[in-house]
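# Coordinate analysis (summary)
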Amino acid sequence: MIKVDISGALGFVSEDEMRKINAKEPLEKLETLYENGWMRVPSAYNKDLSDKIKNIAKKISDESEVLVVLGIGGSYLGARAAIEFIKSPNYNLLRKKTPDIMFAGNNLSGEYLDEIIRLIGDRNFSVNVVSKSGSTIETAIALRFFKELLKNKYGPIGLRDRLYITSDIGSPLIKMAQENNHAYLEMPPEVGGRYSVLTVVGLLPCAVAGIDIDEIMAGAKEEFENGIDEASLYATARQALYRKGRNIEMLACFEPAFKYTGEWWKQLFGESEGKESKGIFPAYADYSADLHSLGQLIQEGERNLMETFVSFSEPRINPIIPGGEMHIDKINPIVGFNMHKVNNSAAIAVMKAHIDGGVPVLELNLPKLSASSFGALAYFFMRSCAISSLISGVNPFGQPGVEAYKKNLFAILGL
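Every value quoted in this text rests on a predicted model; they were computed, and no experiment measured them. Sequence order sets the numbering: in each chain, residues are counted from 1 along the sequence as written. In keeping with the model being predicted, local features are shown solely for residues with a pLDDT of at least 70 and side-chain atom pairs are shown and tallied solely at 80 or more, while totals for entire chains, interfaces and linings include all residues. Water and hydrogen atoms play no part in the side-chain values, which are based on all heavy atoms of the structure.

## Some points on the overall build of the chain
Here is the rule: Note on conventions: DSSP H or I runs of at least 4 residues are helices, E runs of at least 2 residues are strands, and numbering of each starts at the N terminus. The globule rule is 2.2 Å times the number of residues to the power 0.38, and the radius of gyration it is compared with is taken over C-alpha atoms. Three labels apply to residues, based on accessible area from a 1.4 Å probe with only protein chains included: buried if under 20% of the type maximum, exposed if over 50%, partly exposed otherwise in between. By definition, residues are in contact when any of their heavy atoms lie within 4.5 Å. Using the Shrake-Rupley algorithm and a 1.4 Å probe, accessible areas are obtained, with residue cover drawn only from the displayed protein chains. Two residue types count as positive, namely Lys and Arg, and two as negative, namely Asp and Glu; His and chain ends fall outside the count. To locate a charge, take NZ of a lysine, CZ of an arginine, CG of an aspartate or CD of a glutamate.
Helix and strand counts for the chain stand at 16 helices and 10 strands. Computed over C-alpha atoms, the radius of gyration of the chain comes to 22 Å, within 12% of the 22 Å expected from 2.2 N^0.38 for 415 residues, which places it in the range of a compact globule. Dimensions of the chain along its principal axes, counting C-alpha atoms only, are 65 × 60 × 45 Å. Counting only residues that meet the buried cut, the chain has 50% of its 415 residues in that class. Once local pairs closer than 6 in sequence are excluded, the contacts in the chain between residues at least 24 apart make up 80%. Roughly 19200 Å² of accessible area belongs to the chain as shown, and the carbon and sulfur atoms make up 53% of that amount. Distance between charge centres in the chain, computed from 45 positive and 51 negative side chains, equals 3 Å.

## What about the packing of helix α11 (residues 228-243) against helix α15 (residues 371-391)?
For clarity, the cut-off: Axis geometry follows a simple rule: fit a line to the C-alpha atoms, using only the stretch in contact for helices, then measure angles between N-to-C directions, giving values from 0 to 180 degrees. In this scheme, roughly parallel covers angles under 35 degrees and roughly antiparallel covers those over 145, while 65 to 115 is roughly perpendicular and the rest are oblique. Left-handed is the label given to a crossing in which the near helix is rotated counterclockwise from the far helix by less than a right angle, and right-handed is the label when the rotation is clockwise. Note that Gly is not counted as nonpolar here; it falls among the polar residues with everything else outside the nonpolar set of Ala, Val, Leu, Ile, Met, Phe, Trp, Tyr, Cys and Pro and the charged set of Asp, Glu, Lys and Arg.
At a minimum axis separation of 8 Å, α11 and α15 run at an interaxial angle of 45 degrees. Classified by the angle between their axes, α11 and α15 sit oblique to one another. Crossing of α11 against α15: the hand is right-handed. In contact with Ile228, Glu230, Ala231, Ser232, Tyr234, Ala235, Thr236, Arg238, Gln239 and Arg243 of α11, α15 contributes Phe380, Phe381, Arg383, Ser384, Ile387, Ser388 and Ile391. Tallied by class, the residues present in the contact of α11 with α15 amount to eight nonpolar, five polar and four charged.

## Examining the state of the cysteines
Going by this rule: Two cysteine sulfur atoms make up a disulfide if the distance between them is within 2.5 Å.
What the rule picks out here adds up to zero disulfides. As a non-bridged cysteine, cysteine 253 has cysteine 206 as the owner of its nearest cysteine sulfur, 18 Å distant.

## Examining the sheet that holds strand β2 (residues 66-70)
Formally: Should DSSP find at least two bridges between two strands, the strands are taken to pair.
Ordered by their spatial adjacency, five strands build an open sheet running β3-β2-β4-β5-β6, and the pairing between neighbours is parallel. Edge strands, defined here as strands with exactly one partner in the open sheet, are β3 (100-104) and β6 (184-187). Shown here is a sheet whose adjacent strand axes are inclined to one another by a mean of 20 degrees, direction ignored. Of the strands in this sheet, β4 (125-130), β5 (163-168) and β6 touch helix α8 (residues 172-180), which is tilted by about 140 degrees from β5.

## Thoughts on the side chain of glutamine 239
Here is the rule: Distance and chemistry together define a polar contact, namely a pair of N or O atoms within 3.5 Å, with one atom able to donate a hydrogen and the other to accept it when in protein, and with adjacent residues in sequence counting only for side-chain atoms on both sides.
By secondary structure assignment, the location of glutamine 239 is in helix α11. Within the local environment of glutamine 239, its side chain forms a polar contact with the side chain of serine 388, the two groups lying 2.9 Å apart.

## Regarding the packing of aromatic side chains
Counted only if it meets this: Aromatic rings from Phe, Tyr and Trp, with only the six-membered ring used for Trp, were paired whenever their centres fell within 6.5 Å, and each pair was classed as stacked if the ring planes differed by under 30 degrees, edge-to-face if by over 60, and tilted otherwise. Remark: a charge is flagged as sitting over a ring if the NZ atom of Lys or the CZ atom of Arg is within 6 Å of the ring centre and within 35 degrees of the ring normal.
By the definition in use, this model includes 23 aromatic pairs. Taken together, a centroid distance of 5.8 Å and an interplanar angle of 65 degrees make the contact between phenylalanine 85 and phenylalanine 312 edge-to-face. In this pair, phenylalanine 85 is assigned in helix α5 (residues 77-86) and phenylalanine 312 in strand β9 (residues 305-312), connecting sequence segments 227 residues apart. By the ring-pair criterion, three or more aromatic residues cluster together here, those being Tyr234, Trp264, Trp265, Phe269, Phe380 and Phe381. The residue whose ring lies beneath arginine 162 is tyrosine 154, and the NZ or CZ to ring-centre distance is 4.0 Å. Positioned over the ring face of phenylalanine 337 is lysine 341, at 5.3 Å from the centre of the ring.

## Some points on the nonpolar core
Going by this rule: We define a nonpolar core as any set of buried Ala, Val, Leu, Ile, Met, Phe, Trp, Tyr and Cys residues linked to one another through side-chain atoms lying within 4.5 Å.
Trp38, Leu198, Trp264 and Phe381 are the most contacted members of the largest nonpolar core, which has 92 residues in total. A per-element tally of this core places α15 first, with 14 residues. Ignoring anything within four residues of it in the chain, the contact list for phenylalanine 381 reads Tyr234, Leu251, Trp264, Trp265, Leu268, Phe269 and Leu364. With 22 residues, the next largest nonpolar core counts Met102, Ala104, Ile165 and Ala177 among its residues.

This is a description of form; function is not addressed.
Okay, here's the thing in structure tokens:
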């Protein structure tokens, strides 16, 4: 489903150099690693799990106008990415029958937390706390606030019935759920947070937002079954460019709905590859807006960048550029053009300019912004990330460096 085009990179790295990077051994190693349960998630997804998620989502939707998802990193980025990709980056502003989805517990700002609470206002709300360990400080602090809010608004029974737990079996959160009769969903223990978007972690908020989670998983399954060659090609190309000194990868897309998929991608690749003084630095650009801020640097700055463009063959909505005598902007030659044609032309123009300016470009093409495309792309990125990490000689699972700031923070706070 995902098509990879490396032609924009072949002027910077030869096919012979790419052939020397053998992805077969990393793929075989990936099969033996314990923390790769996400690889089989699409094939393990079944009607029982689907029904369980949908039933909880229906209860939340029937009772609440807002669902607050508490989590940080992979515990929220995947869900937010999916909702914006499939529905809209302005999902909460749309007139709809499904609840608003708000995200908290992903920072330590009191101002942000207070604003989320004020945005909920007098509306009925439920809370889904998502934490693999059950002890992440950002999420734990937010949970204290929202448990208090639930109890004050709905009493002990409301607190019990409107708080939903997503965590590893045996974690403090699951124990709390069992002791207090909260509904809970178990995260697969062998799936790390940044690889969890296609599990209950990402699927429950999506279902509450009215997204067809079966369609997401159908796209992921298709990629699982048929996409290994394309994922290997992307991983191999970026590693070949890395060996030529391209140590920053700029992921770019001309659709604003893709922005949080870019944020999720940054965590996925950053935490997976950034070890042992190795790793391609992942950055994201929202084109064409960021061409007016980063474009100059990309075009003529230091030549340590590679770019990966994500494109879509079909638009969801395709308005026509209007004409009329009242306009003074001198763009009459494109009156009557549809917006997809102009947006696609901009992408082609930018890719050509950047390649000519010395930036190798890879392109990933999808049919359109849809639930199945999101599932396919999420699986594609997870597989290619794991392969790429293993090519560079690092384990794509675990993130020991993330713990350093936590130890310092706990020491400062006396925890």
